[in-house]
Each structure stands twice: as structure tokens, then as C-alpha cells.
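Architecture at a glance
In case you want the letters, here they are:
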Amino acid sequence: MARIRSVGGRRVTALTDGWTMSLLPPGAPGDQGEPLAATVPGTAAQALRAAGRWSLEAPSALHDTDSLFLTRLYGHGPRVLRFHGLATLAEVRLDGECILTSDSMHLAHEVPVTLNGEAELAIRFHALHPALAAKKGRARWRTKLAEPAALRFVRTTLLGHMPGWCPPVHAVGPYRPVELVEDSGPLRVLAADLRSGYDGRDGRLSLRLTVEGAAAGTTGTVEVAGTAVPLAFDGIDAFHADLTVPGVAPWWPHSHGEPALHAVTARIGTTDIELGRVGFRSLAVDRGPDGRGFALLVNGVRVFCRGGCWTPPDIVGLSSDRAVYEPALRQMREAGANMVRVGGTMLYEGDAFFELCDELGILVWQDAMLANFDYPTDPAFLESVRAEIAQLLDRTQASPSLAVLCGGSEMEQQAAMLGLPRASRTQPALEAVWTAEAAARRPDLVLVPNSPSGGALPFIANAGVSHYYGVGAYLRPLDDARRADVRFASECLAFANVPEGDPLGVPALHHPRWKERVPRDPGASWDFEDVRDQYLEDLYRVDPRRLRTEDPDRYRRLSRAVTGEVMQAVFDEWRRAGSSCAGGLVWQWRDLWPGAGWGVVAADGTPKPAWHALQRAFRPQRVILTDEGVNGLAVHLVNDGARPVDALLRLTAWRDGAVPVLRVERPVTLPARGAVALPMAELSDRFFDATYAYRFGPCPHDAVTAQLVSADGGGEPIDESHHFPGGRLLPRADLGLTAVAERRGGDWVLRLATRRFACSVHVEDERFHAEESWFHLPPGVERTVRLRPCARAGGIGIGLGASDGETPDGEVHALNALAPVRYRGNA
């Protein structure tokens, strides 16, 4: 049933104050522990860290002890206690009487109670490891990616249990809100079933309210988007209405339109009911002419989905507060991401997560919290999974951003890679449970059996959804992104992305503390820094080992740049005209702790260089250059917008990064919600070997720039792209790079220009960071970059806005410059 935001006569009190937490030996009396102040919602690790007894740098285990959370309640009369999430083996007592036991952190509970003044509320979380040790049963396969193996029996997160990349932080405690509910109105609203649809012009809404206490003759209404209709009463306990909203503004992912939302309110008798906001949209999947594709259609329009796989911003407290989600999700939108995947190794996020995705126009791919294991099929386990899916779909029933529901992560892949026959790879009992709930509660969603799945082997790329690591872990060349014929990559492009600065306080080299944070697959003889080094060698034609030894600063800078260059090249390939790919989600979007993790955002929220590359690759209007060999250079124009875009296309080939040996300018039109490819040979009146395929003598140029500017008088830049026939790193030279810091309104900006082509231009400033960074700068073009004050003193962080007391003072670097350029603003 849909989430009910508020009901007249209902008071909801969040129980956030007066909590203590103590650690106890398993089964010991509650008075044996030392009480510490605790935050609820929160975790035992959070309380211990606040008391100085736990650290993310060296997290201590919490699954071998009991954790006891205590507070006091006050009031008289009937109430309902709501527990939105208890991790994991929980026993709840009110004045010593057991009122609830729970063995799933993914389930919410409501417990009717009666208060008589003051009462003690105690939640005891029993030690998980002893309970797991008692679990018996043989699986068809055993995964190395999560441990212990008995976790498959318990409904809890795999966070903290995945060696090789995840910090061992154990989720223990009331990590979601605990509330006390009092109903004093003339009627109680027990449930709401709220469904919406869109037919391309009109919106449809269906509402059913289940109530208690409605008298015969009670009337009601429901209103949405300016349309109001009466609610029909069945004379027992339900009010219902179906309505059509003519010409309603639909909900779109932000890359393709406005994510329009409409408030839904109802009134029964004198009781007002707030049901939040809905978005009207339709969803479908286009399998393509060969039936092997996976393209999401939103409102009938094919959407190239791009974004990343989510990790909790707060792995210690597991906060579901809007204030924690909002900066991270806004940063995703700022990068141009239009889809986020919550994978099966994580946990179900809170209501504010979906509300923000609704508002920001970010599609959600939601996995069931199932991953890698061969799960049990006993009735109790299946019922627990059924209940958690039902609750997830009920509380997100009105959410237009939720688009894909998937049965979990890498279960079929794990079985297939371990050699099990096709009939043994699936888990039909689990699939039957969650698909039945989806059909009953959210029939609008796109369903995916497992991620990856769809081909003869679950992990092949040219059918269904794949986890594509051809470019990346499997060290394939960049052109494998086309050769693999990827249809949709629900995971891809995992690298050890180097952050800016030194978050660990040690050199980004082979220091043991640095290396322990570099992701690796358990049992592998290599890590993801080795993967990055391979592409460093391929793209920049350097020896990473020697460079790391002889010039560690240059090694760090090239390492920061290379993963973004690879990611941008792959997404450009997937977005070009004629590509069969309909989406790619980077694994992962944000690091869980400081270091060179998979994230394109550091653990503190700072964008890494790869984030800036994705921001360019994800733009809704794009110009892309692809090397088509003897067919020359192809220019692809991509437009996600609803209207055609008239523009000027300027192509320039540079010799020695400074001398234009070819200039072409043509008016072009970017088709609405489409892509077109223009051969460069058709744009120029003379032969020019832009790809250096024919090799008639020395290559006449070292870079080709494509610039797209608006066709109106202003000539505002839309996008640009670059091709390097001889490799991405041009020779180091005196570039004539200039940087001027100046005030514009309330902001600081940098004006940048160069006489020679500058590669991977980036800004270093202890007080500010650049909104755009790690971009190529051709000669003859001035680029203005906004500077944002850092969120934390003395280093790079999330920009929060201008500050009168701070003055920019830093350096501008380019990978092919002989030296950086200093700048300083005048206060």
C-alpha cells in the first residue's frame, strides 16, 4: 500500500531522544554493559565511534556481541510503535514484556501497545555470528565474494562482509526510524492503494483508501493536478476513485524533460489525508530487432540510461535522512546521471531517497537484496523475502523514479562461472515470490530476473543486461566496447580511481596503507590498480612501474586522468549513432572509505577526475568523434532533448598542438531525441587523413577538435570532443597557458586560455575547487571555469557557495605542460 504522509488527527512522534547503547556478552543480563549515549536511528558502531571506542580506520567486529538499546516512553492510552528497520536479530521489550522479535533488517514492523504513563523500551540485537554458526544446509555453490557462507540464511546486508573492497563495518542497531503513533481523529486510515499511469496525453489515477470508523453516508474527495472527483464508499471500510487528468504534464528523467510531480490529497468527512506526490509516466522495454536488446522506453521514448551503482553515503550510521541523501543525489544529477542502481549487496534505501530521485528526475534500478549466494527455499525464508519486497513496493508505490525491479545481483553469474548446468543456475522459488509481488503491487515496473542475465551465459554482453568489464578488469582494448556489442551494462568500468589530494596521508604509490584500500577480487593475483596501470601504458605509452619509481608526481597525475579518459571513450562509443547499447551504470559511484576505490566520487563527497569525464560524457547534447579506420573520422551528434537543436559544427586539426592544418565549419541540426552520424569526409572539400589510416608520410596533425556551438548570435558552446591519432598524451612543451582569477557577481571564476593544445587541464587550490576540471583545452578558445569554496579546510571538498573571506590561490596544470601556471585572486 502507498505511503500515507499525514492524516488529520494522527500524531507521529519520532523517538530520537534519550537512547543509550551497551555491548553485552551474548545472552548476558542487560545490566552488565556500560551504557553509552546513542543516536536513533543509528547503529552500535555509530554510538561507539561517538564515544571514541570505534574507528573506521580499524573497525572492530560487532557480530560477536549483543547490543542493547534503551529509552523511555511517555503517554497514556493506545499507541502503535513503528520500527522501520532493525539490524538484524532483534528482540523488543516494553517494560520487560517481549512485544516483537525480528530476524530481518529489511522488514518494518508495527506493534500496538498501551501506555500507562512511563515505560522502558528495550531493543536487544543478538550476536549474529553465533546464530550463523548454528545454521546448517548445503548450497549448490559457494561464493568467495561474501563471507561467512551462512549469511545466505539471514536477511541482512552484505555490507561489511565482502573482503577485497568493502570496509568490515557491521550493521547492528535500529538503523531506521522508531516512531510512536497516536490516532485521535474520527476515523483511522489503515492503508492506501495509489496507482498512476500515462497514455501519452492524459494521466490516470486510481486510489483506494481502507479506513476504520467511517459512518454510513460519509463522503470524500480526491484531488490531483487540479482535478477533483468524489470518493465512492463501499459502506464497509473502503473509499475508492478512478480519475483521468487531461493533458497532464508527465514525469521525465531530467535528461529528457521535466520530472513533473503532482500532489495527491484526499478528504473523508472532516479528515484530511496527504498522499505525497505522483508522477505520470509509462515504461516499456524495447528488445530490438533481434530480440536480444534491453532499451528502456519512458513515455514511449528510448532513453540511454547512464549513471552508477549506489553505495550508502554513511556506511557507519546507515542514515536515511534527506540531508544525507540530497548532496549525493544532486551531485549525480549535476554529473548528468539519469539512473542509479541500488544493487543486491547493499540495502534498501529510505523514503527520502526515492523522493529525491522523483524530484531530480533520476531513474532507479532496484535490486532485491539478494546476491551471489544460493539461497534457501524453506517457507519461512521465502515469506521473509516476499514481505520485504511487498513493503518496498508499497512505500514506493507512488514513486515514478522507480523503474526497474531486479531479482538480485550475480546469482546466475556465480553459478554459471562455477560450471553449473543451465538448469541449476536460476532460483525459481525466489523469482516466483518477488515477481508475484511486483505484479500485484507495481505492474508498471520493468522486471529483470537477475543482474546480469539474458544470454546463453548470464555474463555475455550482447544479450539482455550485462556486467561489462571487457574494458576494465579483463584488460580488453577500448574498441572492445564496440566489438562486445553491449546491450545494457548494469555494471561496468571498475577502476581504482585515484582521488585528488592524499586522503590517507600516504603517497598514492605502493605504501601498504594505500594498497589495502585498492579494490581486488578475493583470490585474484592482481588488483584494480594493476588494471589502471595497463590502460596507463596503453593510452599514454609509458611504463607505469618505471614512472612510479622515477616520477611519482607524474604517475599520480596520469593515473588520475586515465580512468576518466577510458570511461568517456566507452560511453561515447555506446552513445554514438547506430550503437546497440541502451545504457551503462558505473560500478561504483562513490567510495565507502578513503582511498583509490571504485567510486568516481571520494568517500568525503569530493568528485574525482573520473567524475568530470563522466559529466562530459553524460551531457544531453553531445558531439562525439569515432575512428572508423579507412572510412575516416565520424562525427556523431546526439540530442536527448524534445526539440531539434540548430548549431554550428567546427572541426579543426592541429599540428604540434598549435597550427591549424584543417578548418571546417558547417551548420548542423541535432535531431530531437536522436543521433546522427556525419562522415568527416563529407564535411570537408578535400581529402584529409584525420585518422591517419592511410599513412602517406608523417602524420600531419596530432589532434582533431570538434566544437559544437549554438547557431544563434551568441555562439554559446554546447559541447566539444577531441581525437588523438597518435595517442592521448601530446609532447610536453611551453603551452602558453594562462589563468586569471576574477570576481563575477558573488562567485570566483578562472579564465583559461592557451597557445598550444593543453591536455587534461586541472586546478589545484587549497581553498577552492573547479566546477569543471581535467578537460582538454584547444588553442584560440577561452574557457571560464567557476571556482567553488571547499567544504573542508585545507583541501578539496564539496563546494558550498562563495565566501567573502576566501581568495583563490593555486595552480593550473596540464599533463603536457612543462610547468604549472600560478594564479591568485585579488580580494
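Relevant structure appears above.
Given the structure is predicted, the values throughout are model-derived calculations rather than measurements.

1. A few points about the packing of helix H10 (residues 528-540) against helix H12 (residues 552-575)
As a packed pair, H10 and H12 sit with axes 9 Å apart at the nearest point and diverge in direction by 85 degrees. In terms of orientation, H10 and H12 fall into the roughly perpendicular class. Taken together, the residues of H12 that come into contact with H10 (itself represented by Glu529, Arg532, Asp533, Tyr535, Leu536, Leu539 and Tyr540) are Tyr555, Leu558, Ser559, Ala561, Val562, Thr563, Glu565 and Val566. Among the residues forming the contact of H10 with H12, the class breakdown is 9 nonpolar, 2 polar and 4 charged.

2. Considering the sheet that holds strand S11 (residues 203-212)
Taken in spatial order, the 8 strands of this open sheet run S1-S16-S15-S12-S13-S14-S11-S10, and their pairing is antiparallel. The outermost strands of the open sheet, each flanked by one partner alone, are strand S1 (6-7) and strand S10 (188-198). As paired elements, strand S12 (residues 220-224) and strand S13 (residues 227-233) share 5 bridges and run antiparallel to each other. Residue pairing for S13: valine 222 is matched across the bridge by valine 229.

3. Section: the pairing of strand S34 (residues 717-723)
Judged by how many residues are buried, S34 sits mostly within the fold: 5 of 7 residues are covered. When strand S33 (residues 703-710) meets S34, the two strands line up antiparallel, connected through 6 bridges. Within S34, the residue paired with valine 704 across the bridge is histidine 723. What sits between S33 and S34 in their antiparallel hairpin is a turn of 6 residues, with glycine 715 showing a positive phi close to 60 degrees.

4. Side note on the packing of H12 against helix H13 (residues 609-617)
Running from amino to carboxyl end, H12 crosses H13 at an angle of 20 degrees, the nearest separation of the two axes being 8 Å. If you check the angle between H12 and H13, you find them roughly parallel. Like other packed secondary-structure pairs, H12 and H13 cross with a definite hand, here right-handed. Residues Arg560, Thr563, Gly564, Met567, Gln568, Phe571, Asp572 and Arg575 of H12 form the contact with H13, whose own contacting residues are Pro609, Ala610, Ala613, Leu614, Arg616 and Ala617. When its residues are assigned to classes, the contact of H12 with H13 shows 7 nonpolar, 3 polar and 4 charged.

5. Structural notes on the packing of aromatic side chains
Going through the model one piece at a time under the given rule, you end up with 24 aromatic pairs. A centroid spacing of 6.5 Å and a plane angle of 85 degrees characterise the contact between phenylalanine 304 and phenylalanine 571, whose relative ring orientation is edge-to-face. On the criterion of sequence distance, the pair formed by phenylalanine 304 in the loop between strand S19 (301-303) and strand S20 (305-309) and phenylalanine 571 in helix H12 is long-range, its members being 267 residues apart. The burial state of phenylalanine 304 is the same as that of phenylalanine 571; both residues are buried. An aromatic cluster is defined as three or more aromatic residues linked by ring pairs; in this entry it consists of Trp165, Trp526, Phe528, Trp587 and Trp598. Just above the ring of tryptophan 593 sits the side chain of arginine 517; from NZ or CZ to the centre is 3.8 Å. Residue placement shows arginine 783 over the ring face of phenylalanine 775; its charged tip is 4.2 Å from the ring centre.

6. Observations concerning a nonpolar patch on the surface
Together, Val630, Phe687, Tyr694 and Phe696 make up an exposed nonpolar region whose accessible area comes to about 480 Å². Of note, phenylalanine 687 is situated in the loop between helix H14 (680-683) and S33. You can call phenylalanine 687 exposed: its relative accessible area is 54%.

7. With respect to the pattern of salt bridges
This structure, assessed with the given rule, holds 73 salt bridges. Here arginine 786 and glutamate 771 are joined by a salt bridge, their closest N and O atoms 2.9 Å apart. Placement of arginine 786 in strand S40 (residues 783-789) and of glutamate 771 in the loop between strand S38 (768-770) and strand S39 (775-777) is noted, with a sequence separation of 15 residues between them. Within the structure, one salt-bridge network assembled from shared partners comprises Asp572, Arg619, Arg622, Asp719, Glu720, Glu772 and Arg783.

8. Some details on the state of the cysteines
In a disulfide, the sulfur atoms of two cysteines are covalently bonded to one another. The full count for this structure, using the stated rule, is 0 disulfides. Not engaged in a disulfide, the cysteine cysteine 309 finds its nearest cysteine sulfur in cysteine 492; these two sulfurs lie 7.7 Å apart. Looking at the unpaired cysteine 581, the closest cysteine sulfur is the one in cysteine 492, lying at 8.1 Å. The exposure class of cysteine 581 is buried, given its relative accessible area of 1%.

Scoring rules and cut-offs
- Residues numbered from 1 in each chain as written.
- Predicted model: local features only at pLDDT ≥ 70, side-chain atom pairs only at ≥ 80, totals over all residues.
- Heavy atoms only, no water.
- Axes fitted to C-alpha atoms, helices over the stretch in contact; angles between N-to-C directions.
- Helix = DSSP H or I, 4+ residues; strand = E, 2+ residues; numbered from the N terminus.
- Parallel < 35°, antiparallel > 145°, perpendicular 65-115°, else oblique.
- Contact = heavy atoms within 4.5 Å.
- Nonpolar A, V, L, I, M, F, W, Y, C, P; charged D, E, K, R; others polar.
- Pairing = 2+ DSSP bridges.
- Buried < 20%, exposed > 50% of the residue type's maximum accessible area, 1.4 Å probe, protein only.
- Left-handed = near helix turned anticlockwise from the far one by under 90°.
- Phe/Tyr/Trp six-rings, centres within 6.5 Å; stacked < 30°, edge-to-face > 60°.
- Lys NZ or Arg CZ within 6 Å of the ring centre and 35° of its normal.
- Patch = residues over 30% accessible without salt bridge, like charges linked within 9 Å, V, L, I, M, F, W, Y side chains within 5 Å.
- Areas by Shrake-Rupley, 256 points an atom, 1.4 Å probe, with all protein chains shown as cover.
- Salt bridge = Lys/Arg side-chain N within 4 Å of Asp/Glu carboxyl O.
- Disulfide = S-S within 2.5 Å.

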